[in-house]
Amino acid sequence: MQATITLLPGDGIGPEIMAEAERLLHALTHLTGHVFQTHRRLIGGAAIDAVGQALPGNTLASCRQSDAVLLGAVGGPKWDDPEASIRPEQGLLQLRQQLGLYANLRPVKPHPSLFEHSPLRSERLAGVDLVVVRELTGGLYFGRKIALQDMAEDVCRYSREEIERVVRQAARLARSRRSRLTLVDKANVLATSRLWRRVTQEVVRAEFPDLELEILLVDAAAMHLLSRPADFDVIVTENLFGDILTDEAAMLAGSMGLLPSASLGDSGPGLYEPIHGSAPDLAGRDCANPFAMLLSVAMMLEHSLGLVDEARLVESAVHACITAGQTTADLGGPMGTREAASAVLERIGETVVGRRKPAPARPIEPAVAVST
Ligand code: NAD
Ligand code: IPM
Ligand code: MN
């Protein structure tokens, strides 16, 4: 197959981990024959520096014409001036909104070899396998904003339709898994949360009566995520709560450098990116963990390109590297960004070449006369 992919390296460690995603795509082309036509474009701080805009027109146009978009990370201290009229993060937010990517899937499945790396005790981590479906184009992020000298305002607004469509996505996902859906809201305080609760209950009752629906207030959910993480299957929640809870959930897996994500709409290209940021503390030092980026490529292969076997191949290779301790320092390993990614590529190569080898010839057995 042939696919067109826009690459948005961004800022900080973004270009370093994107370079490894590109090498992965080249390796897959070499091994499988699938052709990935890639176009690099500017976003975030790099775009502000080059053309004065966080999401230049040609970047958005390239994304629209692609089958999928891969993003590294945006932002950093260089562009953090609170007086600045334009911020790198606006580029990412505009991109999500412009592409209509309302459902952000963030899977969390701690690897047993990394239980020691989580601040949680191992017995709490056994069996954890959850997906947070974060609403991505509404809420506080996109409501009306006022910023005066001594007063500021961010409006949180959600419509029934915005809630229904993301709840349906989450419910369909839950149905394909363990059939448990958890809504996280703050309905004891927020009007928007009361709408979320009413709409979610209606959608589940009418269209997904087979699902078990649990409802938690966000403050308690933050606690339950640590005290009983294995109980969760699919969690659906609004934009800001999903952002916060998934950084917390990254600690179940052991590092921010492990969690991938897929942002999907009803049509058009999906956007795939690690959940972590530009990690300015690690940038330029070849020490960022590339696995969240490589696993984001796997999500892209599965969700946008229909290459499920290839996605599993990438995931298995990353898991094998983790088992073997071929990791970066955040996971206690001795490797740099490039070396850890190379270890993944090597394993993918070995698996594909191993599959191609003819089965070893069996010794010819003497014919056996069967008598009855
Ligand atoms: P961050 O996610 O960049 O870093 C938080 C912590 O996690 C740091 O200690 C960092 O070293 C570590 N970390 C992150 N990625 C890692 C990786 N791949 N390997 C090993 N360790 C890793 O969050 P922050 O420091 O709060 O934000 C830095 C900048 O990134 C800000 O400008 C923020 O707006 C931006 N940001 C961007 C995105 C995005 O582009 N999707 C996401 C989050 C934050
Ligand atoms: C994320 C990030 C972004 C968000 C920022 C950079 C706008 O934290 O993708 O999790 O808050 O959505
Ligand atoms: Mn975040």
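Just so it is clear, the model here is predicted, and its values are computed rather than measured. (Residues numbered from 1 in each chain as written. Chains lettered and ligands numbered in written order. Predicted model: local features only at pLDDT ≥ 70, side-chain atom pairs only at ≥ 80, totals over all residues. Heavy atoms only, no water.)

Counting 94 residues, the largest nonpolar core has Leu70 and Ile348 as its most contacted members. Here the element with the most residues in this core is helix α10 (residues 291-303); it accounts for nine residues. Of the residues that make up this core, three or more belong to each of domain 1 (1-99 + 277-356) and domain 2 (103-268). Excluding its chain neighbours within four sequence positions, the residues that come into contact with Ile348 are Leu24, Leu28, Leu31, Leu313, Val314 and Ala317. Among the nonpolar cores identified, the runner-up in size contains 13 residues, and Leu71, Val74, Leu95 and Leu271 belong to it. (Core = buried A, V, L, I, M, F, W, Y, C linked by side-chain atoms within 4.5 Å. Buried < 20%, exposed > 50% of the residue type's maximum accessible area, 1.4 Å probe, protein only. Helix = DSSP H or I, 4+ residues; strand = E, 2+ residues; numbered from the N terminus. Domains from an automatic or database assignment. Contact = heavy atoms within 4.5 Å.)

Tallied over the entire structure, the rule returns 25 salt bridges. Between Glu273 and Arg96 there is a salt bridge, and its shortest N-O distance comes to 3.0 Å. Separated by 177 residues along the polypeptide, Glu273 in the loop between β12 (270-272) and α10 and Arg96 in helix α4 (residues 88-98) bring together distant segments of the chain. For Glu273, a relative accessible area of 4% puts it in the buried group. Residues Arg175 and Asp210 are paired through a salt bridge, measuring 2.7 Å at the closest nitrogen-oxygen approach. Within this pair, whereas Arg175 is found in helix α6 (residues 160-175), its partner Asp210 is found in the loop between α7 (191-207) and β9 (212-217), the two being separated by 35 residues in sequence. Since its relative accessible area comes to 39%, Arg175 is described here as partly exposed. The exposure class of Asp210 is partly exposed, given its relative accessible area of 42%. (Salt bridge = Lys/Arg side-chain N within 4 Å of Asp/Glu carboxyl O.)

At their nearest, the axes of helix α1 (residues 14-32) and helix α12 (residues 337-356) sit 10 Å apart, and the two run at 15° to each other. Between α1 and α12, the angle is such that the two are roughly parallel. Judged by the sense of rotation from one axis to the other, the crossing of α1 with α12 is right-handed. Across the interface between the two elements, Glu16, Ala19, Glu20, Arg23, Leu24, Ala27, Leu28 and Leu31 of α1 pack against Thr337, Arg338, Ala341, Ser342, Leu345, Ile348, Gly349, Val352 and Arg356 of α12. Residue composition of the contact of α1 with α12, by class: nine nonpolar, three polar and five charged. (Axes fitted to C-alpha atoms, helices over the stretch in contact; angles between N-to-C directions. Parallel < 35°, antiparallel > 145°, perpendicular 65-115°, else oblique. Left-handed = near helix turned anticlockwise from the far one by under 90°. Nonpolar A, V, L, I, M, F, W, Y, C, P; charged D, E, K, R; others polar.)

Turning our attention to the pairing of strand β1 (residues 2-10). Burial of β1 is extensive: eight of the nine residues sit out of reach of the surface. Pairing analysis gives six bridges linking β1 to strand β2 (residues 35-40), with the strands arranged parallel. The partner of Thr6 across the bridge, within β2, is His39. Traced from β1 through α1 to β2, the parallel crossover comes out right-handed. Judged from the five bridges that link them, β1 and strand β3 (residues 68-73) form a sheet pairing that is parallel. Across the sheet, the residue bridging to Leu7 is Leu70, located in β3. (Pairing = 2+ DSSP bridges. Right-handed = clockwise from strand over helix to strand, strands pointing away.)

Residues in close proximity to ligand 2 include Glu89, Leu93, Arg96, Arg106, Arg134, Tyr141, Asp243 and Ile275, which together make up its full environment. Tyr141 is positioned such that a nitrogen or oxygen atom in its side chain is 2.6 Å from an oxygen atom of ligand 2. Asp243 is positioned such that a nitrogen or oxygen atom in its side chain is 2.9 Å from an oxygen atom of ligand 2. Considered on its own, ligand 2 offers 320 Å² of accessible surface; in the complex 79% of this is hidden by protein. Counting residues per element, the shell around ligand 2 draws most heavily on α4, which supplies three residues. Taken together, the residues of the shell around ligand 2 break down into three nonpolar, no polar and five charged. When residues of the shell around ligand 2 are assigned to domains, at least three map to each of domain 1 (1-99 + 277-356) and domain 2 (103-268). (Near = heavy atom within 4 Å. Polar contact = N/O pair within 3.5 Å; in protein donor to acceptor, adjacent residues only side chain to side chain. Areas by Shrake-Rupley, 256 points an atom, 1.4 Å probe, with all protein chains shown as cover.)

Another aspect to go through is the environment of Gly325. Secondary-structure assignment places Gly325 in the loop between α11 (308-323) and α12. According to the relative accessible area criterion, Gly325 is partly exposed, its value standing at 33%. Put simply, Gly325 and Ser113 are 212 residues apart on the chain and 8.4 Å apart in space, counted from C-alpha to C-alpha.

Let's shift gears to the site of ligand 1. Among the 21 residues in the neighbourhood of ligand 1, the closest are listed as Val74, Glu89, Gly277, Ala279 and Asp281. The separation between a nitrogen atom of ligand 1 and a polar side-chain atom of Glu273 is 3.0 Å. At a separation of 3.2 Å, a nitrogen atom of ligand 1 approaches a polar side-chain atom of His276. When isolated, ligand 1 has an accessible area of 810 Å², and the protein chains bury 70% of it. Considering only residue class, the shell around ligand 1 consists of ten nonpolar, seven polar and four charged.

Per the domain assignment, the segments making up the chain are domain 1 (1-99 + 277-356) and domain 2 (103-268). Inter-centroid distance (C-alpha atoms) of domain 1 to domain 2 is 23 Å. With 17 residues of domain 1 at the interface, the matching set in domain 2 holds 23 residues. When domain 1 packs against domain 2, the two sides together hide about 1700 Å² of surface, and 68% of this comes from carbon and sulfur. Looking only at domain 1, the three residues that lose the most surface to domain 2 are Arg96, Met299 and Leu331, adding up to 34% of its buried area. The interface formed by domain 1 and domain 2 contains zero salt bridges. Summed over the shared surface of domain 1 and domain 2, the number is six residue pairs in polar contact (both at pLDDT 80 or more). If you list the elements that add at least two residues to the side of domain 1 that touches domain 2, you get α4, α10 and α11. If you tally residues by element for the side of domain 1 that touches domain 2, the top one is α10, at six residues. (Buried area = accessible area lost by both parts, 1.4 Å probe.)

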